[in-house]
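Residue-level structure breakdown
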Amino acid sequence: MDKKREGQRGKSAQRGGHSNRGKGGKSNEPVKKKENILDLSKYTDKKIIVKYQGGRQVVGILKGYDLLQNLVLDETFEYVRDINDPSQYTDELRELGLVVTRGTAIILISPYDGQEDIANPFQE
Amino acid sequence: MLPLSLLNAALASTVLVELKNGDSYNGHLITCDAWMNIILKEVIFTSKDGDKFQKIPEIYIRGNTIKYLRIPDKIVDNVRIEQERAAQQGGFQKRSNDRNQRGKGGRDNRGRGDRNNKKRD
């Protein structure tokens, strides 16, 4: 019995310690946590272009997102790159459909509408 | 001159951002945060090889993919001037603080007071 009690005390003490630490962490979190500078709500149900680490690029309709910028894209198409030269995009598109993409892999988000290819604007 | 404070000073001006993959973006810096995530508007995209150009109304770039940003000299100069001014003002404040601390030291800590006295002599 005594041993059990000691064990329980030990555990409860540990728990107490943990919960305190947890509280400390939680109280720090709101200070650290900042709202994302990009308000993705303005892109919901809109076509966006997303570029990923490694060079893949997709276009899709934004259906959902979270704090970590994981995205849900619908009617998604990947821009297919040249097999021999992955830095060049072909005109081909590969259908992916409904996808969840991971926020940490994203390097760039931009709206699809309003993008246009132009001639070199830096030449004089 | 801290990188992020310089970046904050560059808000609303035109900057050039080169990503690690070599692509670069020219545009108005709208916002940035502690991770150097940035939003640019009225952007001109240049591909790595410099053979493709695009106009994009708005982009969000994740900070950890940025290689470097080019910021107008004007901004850098302004920050430098402002910092010098702040340093002068800060200098006065520091001196007054030192005096206070010395006073406290004299009261609370005799050892320090003695040392100070020796130096003065």
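Conventions we followed
Residues numbered from 1 in each chain as written. Chains lettered and ligands numbered in written order. Predicted model: local features only at pLDDT ≥ 70, side-chain atom pairs only at ≥ 80, totals over all residues. Heavy atoms only, no water. UniProt positions renumbered as here; feature names shortened; annotations may be inferred. Patch = residues over 30% accessible without salt bridge, like charges linked within 9 Å, V, L, I, M, F, W, Y side chains within 5 Å. Areas by Shrake-Rupley, 256 points an atom, 1.4 Å probe, with all protein chains shown as cover. Salt bridge = Lys/Arg side-chain N within 4 Å of Asp/Glu carboxyl O. Lys, Arg positive; Asp, Glu negative; His and termini not counted. Charge placed at Lys NZ, Arg CZ, Asp CG, Glu CD. Helix = DSSP H or I, 4+ residues; strand = E, 2+ residues; numbered from the N terminus. Core = buried A, V, L, I, M, F, W, Y, C linked by side-chain atoms within 4.5 Å. Buried < 20%, exposed > 50% of the residue type's maximum accessible area, 1.4 Å probe, protein only. Contact = heavy atoms within 4.5 Å. Pairing = 2+ DSSP bridges.

Going by what an unreviewed UniProt entry lists, chain B is known as LSM complex subunit LSM4 and is assigned to Boothiomyces macroporosus.

The name recorded for chain A in an unreviewed UniProt entry is Sm-like protein lsm7, from Boothiomyces macroporosus. UniProt annotates chain A under Sequence similarities (unreviewed entry) with the comment "Belongs to the snRNP Sm proteins family."

All right, on to a negative patch on the surface then. There is a patch of like negative charges on the surface, built from A:Asp82, A:Asp85, B:Asp49 and B:Asp51. With respect to the helices and strands, B:Asp49 occurs in the loop between strand 3 (38-46) and strand 4 (53-61).

Moving on, we get to the nonpolar core. In terms of nonpolar packing, the biggest core is built from 24 residues, with B:Val17, B:Tyr25, B:Ile38, B:Leu40 and B:Ile61 touching the most fellow members. When residues of this core are traced back to their parent elements, those giving at least two are strand 5 (106-111) of chain A together with helix 1 (3-9), strand 1 (14-19), strand 2 (24-32), strand 3, strand 4, strand 5 (66-70) and helix 2 (73-108) of chain B. Per-element tally for this core: the top contributor is strand 3 of chain B, with four residues. Ignoring anything within four residues of it in the chain, the contact list for B:Leu40 reads B:Val15, B:Val17, B:Tyr25, B:Gly27, B:His28, B:Leu29, B:Ile30, B:Pro57, B:Glu58, B:Ile59 and B:Ile61. If you look at the next biggest cluster of nonpolar residues, it comprises 15 residues, including A:Val99, A:Ile106, B:Ile39 and B:Tyr60.

All names here are of chain A. Across six bridges, strand 2 (residues 57-65) lies against strand 3 (residues 71-81) in antiparallel orientation. Across the sheet, the residue bridging to Val-58 is Glu-78, located in strand 3. Linking strand 2 back to strand 3 in an antiparallel pair, the connection comprises five residues, with Gln-69 at a positive phi of about 65 degrees. As judged from the eight bridges shared by strand 3 and strand 4 (residues 89-101), these two strands associate in the antiparallel manner. Residue Glu-78 lies in a different strand from strand 4, and its bridge partner there is Arg-94.

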